[in-house]
Amino acid sequence: MKNLPQAPNVSRRAVLAGMAAMVATPSFAASRVNAVATTGMIADMVRRIGGPGVEVQALMGAGVDPHAYRQTRSDIVDMTRSDAVFSHGLYLEAQMEEFLADLGRKRPVFAVAETLDPSALIASQDYENRFDPHVWMDPDLWVQCVPEVVRALTTLRPKGKTLFEDNAATFVTDAKALSVYSHDVLSQVRPEARVLLTAHDAFSYFGAAFGFEVLGIQGISTESEAGLNRISTLVDTLVTRQLPAVFVETSVSDRNIRALIEGAAAQGHTVAIGGSLYSDAMGLDGTYEGTWLGMIDHNVTTIARALGADVPAGGRLGNLKGAA
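Residues numbered from 1 in each chain as written. Predicted model: local features only at pLDDT ≥ 70, side-chain atom pairs only at ≥ 80, totals over all residues. Heavy atoms only, no water.

## Section: the overall build of the protein chain
Item 1. Counting its regular elements, the protein chain contains twelve helices and eight strands.
Item 2. Split into buried and exposed, the 324 residues of the protein chain put 52% on the buried side.
Item 3. Expressed as a percentage of contacts within the protein chain between residues at least 6 apart in sequence, the contacts between residues at least 24 apart total 67%.
Item 4. Surface summary for the protein chain: the accessible area is close to 14300 Å², and the carbon and sulfur share equals 51%. (Helix = DSSP H or I, 4+ residues; strand = E, 2+ residues; numbered from the N terminus. Buried < 20%, exposed > 50% of the residue type's maximum accessible area, 1.4 Å probe, protein only. Contact = heavy atoms within 4.5 Å. Areas by Shrake-Rupley, 256 points an atom, 1.4 Å probe, with all protein chains shown as cover.)

Below, the structure is given as structure tokens:
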């Protein structure tokens with residue numbers, strides 16, 4: 001696997017050092033963007049691009065389901081007092097959509113994923129005339145949201161343009177390296193084993209990017225119900241195709257996954273839980289898995305290992321605690 005350049009050249013270091021000095025001064029610090037992001041994935045991108053020029057609060061932490069999340073009173077206060085709100089859009093924050101639309105008439109609200117080319121999006125199976133919002137599962141698609149974050153932050157703080165653009169370039173480089181790693185390790189899974197069965201259909205972009213068949217018990221939204229017929233059909237699929245593993249998600253109950261395993265066992269086929277995947281939320285704050293890069297690294301490494309690939313448990317950079 002080819003190593004992609006990570007380090008900036010000397011002139012770029014000089015630019016970054018100059019910008020860091022500006023941030024250290026009281027006048028620049030006072031002009032820092034105070035932003036609120038709805039999801040951890042959006043917050044992580046804004047932090048990476050904004051650097052010391054932005055302070056970001058994420059409303060939804062580890063294990064929180066954005067499909068069902070409703071803003072609290074403290075959320076409303078934080079958003080109305082912020083300089084800007086960064087949302088995902090594409091109906092991910094379904095229960096907050098009306099509030100965000102109203103807030104957008106009073107202060108800047110940037111729906112980052114809404115800027116993606118519709119031709120690159122997958123139609124929603126749950127909602128007519130809407131798209132699957134889980135675009136962060138494909139690194140090459142996710143980085144297409146970067147220009148909107150740079151544009152938004154530059155609109156808010158024009159003096160930070162060089163800083164934002166440099167940070168964005170570094171983020172894109174890291175994402176491209178992650179994409180290369182992901183394609184490499186997932187290609188090691190035997191073609192007949194490239195089936196990803198999870199609690200809800202959050203991995204369609206992952207499947208399209210890496211050549212996996214994706215089966216979800218629930219639809220794109222966790223609000224959809226998983227019927228007995230759906231579970232029965234998936235049990236038959238597990239048994240007929242002798243699939244070795246299914247996956248739970250950190251933000252969705254594992255009840256239906258357990259029902260699948262029990263159903264397959266009743267037909268004489270043993271199915272393992274291949275691991276816990278980050279779908280609609282990242283890991284805990286302060287951890288590698290609590291970043292978007294770490295989230296995807298964890299998922300890719302966990303899936304590849306569970307389905308038979310010989311992949312180091314530490315992932316792309318050795319930073320994972322041990323995916324499996």
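## Some words on the packing of helix α8 (residues 161–186) against helix α12 (residues 292–306)
Item 1. Look at α8 against α12: their axes get within 10 Å of each other, and the N-to-C directions meet at 5 degrees. Here α12 runs roughly parallel to α8, going by the angle between their axes. Contacts between α8 and α12 involve Phe-171, Asp-174, Ala-175, Leu-178, Tyr-181, Ser-182, Val-185 and Leu-186 from the former and Trp-292, Leu-293, Ile-296, Asp-297, Val-300, Thr-301, Ile-303 and Ala-304 from the latter.
Item 2. Looking at the contact of α8 with α12 residue by residue, the classes come out as twelve nonpolar, two polar and two charged. (Axes fitted to C-alpha atoms, helices over the stretch in contact; angles between N-to-C directions. Parallel < 35°, antiparallel > 145°, perpendicular 65-115°, else oblique. Nonpolar A, V, L, I, M, F, W, Y, C, P; charged D, E, K, R; others polar.)

## A few points about the environment of His-269
Item 1. Tracing the backbone shows His-269 in the loop between α11 (255–266) and β8 (272–277).
Item 2. Separated by 26 residues in the primary sequence, His-269 and Leu-243 have C-alpha atoms spaced 8.9 Å apart.
Item 3. Here the side chain of His-269 touches Leu-238 through a polar contact of 3.4 Å, landing on its backbone oxygen. (Polar contact = N/O pair within 3.5 Å; in protein donor to acceptor, adjacent residues only side chain to side chain.)

## Details of the packing of aromatic side chains
Working definition: an aromatic ring pair is given by the centre-to-centre distance plus the angle between the planes.
Item 1. This structure, assessed with the given rule, holds seven aromatic pairs.
Item 2. Look at Trp-136 and Trp-142: their rings are 6.5 Å apart centre to centre, the planes differ by 80 degrees, and that puts the pair in the edge-to-face class.
Item 3. By relative accessible area, Trp-136 is classed as buried at 0%.
Item 4. The class for Trp-142 is buried, based on a relative accessible area of 0%.
Item 5. These aromatic residues form a ring-pair network of at least three members: Phe-203, Phe-206, Phe-210 and Phe-212.
Item 6. Here the guanidinium or amino end of Arg-130 rests over the ring plane of Tyr-91, the centre of that ring lying 3.8 Å away. (Phe/Tyr/Trp six-rings, centres within 6.5 Å; stacked < 30°, edge-to-face > 60°. Lys NZ or Arg CZ within 6 Å of the ring centre and 35° of its normal.)

## Thoughts on the confidence of the model for the protein chain
Item 1. Per-residue pLDDT for the protein chain averages 88, and the proportion of residues at 70 or more is 87%.
Item 2. Counted against residues more than four places away or in other chains, residues 1–29, with its pLDDT under 50, gives 30 contacts. (pLDDT = per-residue confidence, 0-100.)

## Brief notes about the nonpolar core
Item 1. Phe-86, Trp-142, Phe-206 and Trp-292 are the most contacted members of the largest nonpolar core, which has 67 residues in total.
Item 2. Broken down by element, the residue count for this core peaks at nine residues, all from α8.
Item 3. Not counting the four nearest positions on each side in its chain, Phe-86 is found in contact with Ala-35, Val-36, Ala-37, Thr-38, Ile-42, Val-46, Phe-110, Val-112, Ala-152 and Leu-153.
Item 4. Leu-197, Leu-243, Val-252 and Leu-260 belong to the second-largest nonpolar core, a separate cluster that totals 19 residues. (Core = buried A, V, L, I, M, F, W, Y, C linked by side-chain atoms within 4.5 Å.)

## Here we look at the sheet that holds strand β2 (residues 54–58)
Item 1. With respect to topology, four strands assemble into an open sheet ordered β2-β1-β3-β4, the strand pairing being parallel. Each having just a single partner strand, β2 and β4 (109–111) make up the two edges of the open sheet. The mean inter-strand angle of the sheet, taken between neighbouring strand axes irrespective of direction, is 25 degrees.
Item 2. Helix α3 (residues 40–50) rests against β1 (33–37), β2 and β3 (84–87) of the sheet, and its axis sits at about 170 degrees to β2. (Pairing = 2+ DSSP bridges.)

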